[in-house]
Amino acid sequence: MNTFNLEFDKTAIMLAGRDYGISEFEKQIKGKVDYNQDITLVFPDNIRSLATSFIQGFFLEFKDKLGLEGIEERVTVVDNGRDFKKLIIDNLI
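None of these values were measured; they are calculated from a predicted model.

This paragraph deals with the side chain of E24. As for its placement among the helices and strands, E24 is situated in helix α1 (residues 18–28). Within the structure, E24 has its side chain in polar contact with the side chain of Q28 (distance 2.6 Å). Not counting residues up to four positions away in its chain, the partners in contact with E24 are E7, F8, I29 and F58.

Turning our attention to the environment of I13. Structurally, I13 is set in the loop between β1 (3–5) and β2 (14–15). Assessed through its relative accessible area of 44%, I13 is described here as partly exposed. The sequence separation of I13 and G57 amounts to 44 residues, and the corresponding C-alpha distance is 18 Å. In contact with I13, not counting residues within four places along its chain, are N46, I47, R48 and S49.

What follows covers the packing of aromatic side chains. The relative placement of two aromatic rings is captured by the distance of their centres and the angle of their planes. All told, the structure shown has 12 aromatic pairs when counted by the stated rule. Ring geometry for F8 versus F43: centroids 6.2 Å apart, planes at 15 degrees, classification stacked. Placement of the pair is F8 in the loop between β1 and β2 and F43 in the loop between β3 (39–42) and β4 (49–50), with a sequence separation of 35 residues. Relative to F58, the ring of F25 has its centre 5.9 Å away and its plane inclined at 85 degrees; by these criteria the two rings are edge-to-face. Taken as a pair, F25 in helix α1 and F58 in helix α2 (residues 52–58) lie far apart in primary sequence, 33 residues in all. When its relative accessible area of 4% is taken as the criterion, F25 is described as buried. Three or more aromatic residues link up through ring pairs in this structure, and these residues are F8, Y20, F25, Y35, F43, F54, F58, F59, F62 and F84.

Cut-offs used in this document
- Residues numbered from 1 in each chain as written.
- Predicted model: local features only at pLDDT ≥ 70, side-chain atom pairs only at ≥ 80, totals over all residues.
- Heavy atoms only, no water.
- Helix = DSSP H or I, 4+ residues; strand = E, 2+ residues; numbered from the N terminus.
- Polar contact = N/O pair within 3.5 Å; in protein donor to acceptor, adjacent residues only side chain to side chain.
- Contact = heavy atoms within 4.5 Å.
- Buried < 20%, exposed > 50% of the residue type's maximum accessible area, 1.4 Å probe, protein only.
- Phe/Tyr/Trp six-rings, centres within 6.5 Å; stacked < 30°, edge-to-face > 60°.

Right under this line is the structure:
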């Protein structure tokens, strides 16, 4: 199953920083994801926003492996109605 229940500091409300995005991807996703299957990323409810820098770091390998179109088609983002998927796509163009 390609569902990842992401975990971040419970006091954080925004995720920022390219290096932090890369680090969290390596800690929580790298080596566990099957790029041949659909992927679901579940963000905790306390996260209200994602900075461009975090998106560009965290989704670097997704973009390399799937391309922007693949992310749009095969990655589902569960985000408590915050529309992170649109934010992610807009910031990867």
